[in-house]
Amino acid sequence: MLFCVLGEPLLEQGVAQKNGDSGKTETEKWREDLRYIAEQMPLFHKDLFHQMTREQFDTAIKKLYDRIPVLARHQIIVEMQRIAAMAGDGHTNIYPTRDPKIGFHVFPVKMYFFGDGLFIRSADKEHADLVGVKIIKIGNATVKEAYDAVREIIGRDNEMDVKFFAAHLLVMPEILHALGLSDNAESAKFTFETKSGQKIVELKAAGAVEMMPADTDMSWLPKTGWTDSRTGSGAPLWLKDPQNKFWYEYLPDSKTVYFQYNQVGNKDNETLAAFSKRLFAFVEANPVERLVIDMRLNRGGNGEFNRALLLDIIKSARINQRGKLFAIIGRSTFSAAQFMANNLEKYTNCIFVGEPSGSKGNIYGDSRKITLPNSGMTVRVSVYYWQDWSPWDTRPWTAPEITAELTSEDYRLNRDPAMEAVLNYVPQKTLSEVLDEALTKGGIDAAVKSFVNLWLNPLIVIRGQSRRCLKPGKGY
């Protein structure tokens, strides 16, 4: 029925203009692109309707098809983003940060959802006074309202995926206008919470969106001439060399090896397997008491390369012990990095620290590109289904056993709460261990009493996961 409807003669309504080369109006071209989306997404996605019905998809396509003549270009694109996001997985999307054909713009600021709110993390010289300041409104919308609006155009595996991308999309004037958060597609008013009270500033577009690499979160790299909210010299370990796919450093005072794993793949001059051998040769030859694998900037790559590293971890009797092996994860831990987290959870004694991951064990992934015939824009769709967890395991993410969420003050002072948590770790019994012990000593009544007492304790560990971890839906 959908394709019959979309195949009807086009009704031109105002905005259509003839193109000198093809003879097609803008309305015709966008409708043709939309028809291509309607045909190709179900054809190539492994199961496009795993989170929505065919009727919902058809209805969304028809609604946009009818509205195209009265929408501006950026509004059409944002509505296409909304349709792609309906698929309900992180590898199916339309992203301005991955497609230069979209051609959106950005304000001269970068923002981030810290544990204590949405803040301007860095800005150009003209807006340096806004750096480190909390945002409380975008246009007339609260931060929560703006977050909820942009959420609907983000392809996502879980809410941490939204937290990652929302900060990048909410600095694009075209998106704010298309979502009804600003009055025009070139500027927007932001309300800030300052020491002297609220302050309203109108930000204007200052250049094109920078393309983001697919497999590493490079958004923390400093921009020349910009002011960052971090003070002092140097950078914490996790921001020391994000462009390096994998590297390690020995911290002699704590006898810790810090291994930053930023991308799942080989370097031009070293394979991940060779690096792993070198890493564990160092571990065995030196006084090492713990290994920290930092994957909070790792957005994936080729998951097959994880195997050699995983095997070396499993074989290391010195490191593969509870309290000696840690993995730092977060909202950017995605795709093949999530696969590594799955394997660490299943086959090792690893303790997870940080934020919940940006993906989960059972996902649709391995996106393939669909290039639209007129705009040249790219729609990505998931072509495989990966089931690393049991079919009945419906967790939205890998949750940290030790929650360590970055606040704006942590960032400003170059503190890393995740590494601090690792270095200050004190072993605790898991819930199953406590209940087994109580059951053995005092029977079922003692076990029930222990469970009740522990549940009231915020440090309880359930299945290796702290009850203090972020709850689904808390994204602002």
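Residues numbered from 1 in each chain as written. Predicted model: local features only at pLDDT ≥ 70, side-chain atom pairs only at ≥ 80, totals over all residues. Heavy atoms only, no water.

A. Up close: the overall build of the protein. Across its full length, the protein carries 13 helices and 17 strands. Here the C-alpha atoms of the protein give a radius of gyration of 24 Å, agreeing with the 23 Å that 2.2 N^0.38 yields for 476 residues. Relative to its 476 residues, the protein shows a buried fraction of 53%. Partitioning the contacts of the protein with sequence separation of at least 6, the portion at a separation of at least 24 is 70%. Here the protein has roughly 21,400 Å² of accessible surface; of this, 51% comes from carbon and sulfur atoms. Placing the 60 positive and 59 negative side-chain charges of the protein at their respective mean positions leaves the two points 3 Å apart. (Helix = DSSP H or I, 4+ residues; strand = E, 2+ residues; numbered from the N terminus. Rg over C-alpha atoms; globule rule 2.2 N^0.38 Å. Buried < 20%, exposed > 50% of the residue type's maximum accessible area, 1.4 Å probe, protein only. Contact = heavy atoms within 4.5 Å. Areas by Shrake-Rupley, 256 points an atom, 1.4 Å probe, with all protein chains shown as cover. Lys, Arg positive; Asp, Glu negative; His and termini not counted. Charge placed at Lys NZ, Arg CZ, Asp CG, Glu CD.)

B. Main features of the nonpolar core. In this structure, M41, M80, I135, V150, L170, I175 and F190 are the most contacted members of the largest nonpolar core, which totals 71 residues. Those residues within four positions of M41 in sequence are excluded, and the remaining contacts are L48, F57, A84, T92, I370, V379 and V381. Core analysis: the second largest hydrophobic core is formed by 29 residues, F246, V283, M295 and A336 among them. (Core = buried A, V, L, I, M, F, W, Y, C linked by side-chain atoms within 4.5 Å.)

C. Up close: helix α10 (residues 336-347). The end-to-end C-alpha distance of α10, which contains 12 residues, comes to 16 Å, matching closely the 16 Å that a straight helix rising 1.5 Å per residue would cover. Of all 12 residues making up α10, 9 are buried, and the element is well covered by its neighbours. Along α10, the positions that sit buried rather than exposed are A336, A337, Q338, F339, M340, A341, N342, N343 and L344. (Expected span 1.5 Å × (residues − 1).)

D. Up close: the pairing of strand β3 (residues 134-138). Direction of pairing for β3 relative to strand β5 (residues 187-194): antiparallel, over a ladder of 4 bridges. Counterpart to K137 in the pairing with β5 is T191. Pairing of β3 with strand β4 (residues 141-142) involves 2 bridges; the strand directions are antiparallel. Within β4, the residue paired with I138 across the bridge is A141. Where β3 folds back onto β4 in an antiparallel hairpin, the turn is made up of 2 residues, including G139, whose phi is positive at roughly 65°. (Pairing = 2+ DSSP bridges.)

E. How the structure looks around helix α2 (residues 26-44). Here α2 spans 27 Å end to end across 19 residues, near enough to the 27 Å set by a 1.5 Å rise per residue. Of the positions making up α2, those classed as buried are T27, K29, W30, R31, D33, L34, I37, A38, Q40 and M41.

F. Structural detail: the pairing of β5. Pairing geometry for β5 and strand β6 (residues 197-204), over 8 bridges, is antiparallel. Pairing of E193 across the sheet is with Q198, part of β6. Between the end of β5 and the start of β6, which pair antiparallel, lie 2 residues.

G. Summary view of unusual backbone geometry. In this structure, D366 is a non-glycine residue whose phi angle is positive, near 55°. With respect to the secondary-structure elements, D366 resides in strand β13 (residues 362-371). The phi angle at N414 is positive, at roughly 65°, despite the residue not being glycine. Looking at the secondary structure, you find N414 in the loop between α11 (408-412) and α12 (417-423).

H. Highlighting the pattern of salt bridges. In this structure the tally under the stated criterion is 26 salt bridges. Between R151 and E152 there is a salt bridge, and its shortest N-O distance comes to 3.2 Å. On the accessibility criterion, R151 (23% relative accessible area) is partly exposed. Measuring nitrogen to oxygen at the nearest pair gives 3.8 Å for the salt bridge that ties K255 to E289. (Salt bridge = Lys/Arg side-chain N within 4 Å of Asp/Glu carboxyl O.)

I. Here's a closer look at the packing of aromatic side chains. Applying the stated rule across the entire model yields 23 aromatic pairs. Centre to centre, the rings of W220 and Y411 are 5.4 Å apart; their planes meet at 50°, and the pair counts as tilted. Residue W220 is found in the loop between β6 and β7 (227-228), and its partner Y411 is found in helix α11; the two are separated by 191 residues along the sequence. Each member of the pair, W220 together with Y411, is buried. For the pair Y364 and Y385, a centre-to-centre distance of 4.7 Å together with 50° between the ring planes defines the contact as tilted. Of this pair, Y364 sits in strand β13 while Y385 sits in strand β14 (residues 378-387), and the two are 21 residues apart along the sequence. In this structure an aromatic cluster arises from ring pairing among F246, Y248, Y250, F259, Y261, F275 and F282. Directly above the ring of F164 sits R299, whose terminal nitrogen or CZ lies 4.2 Å from the centroid. (Phe/Tyr/Trp six-rings, centres within 6.5 Å; stacked < 30°, edge-to-face > 60°. Lys NZ or Arg CZ within 6 Å of the ring centre and 35° of its normal.)

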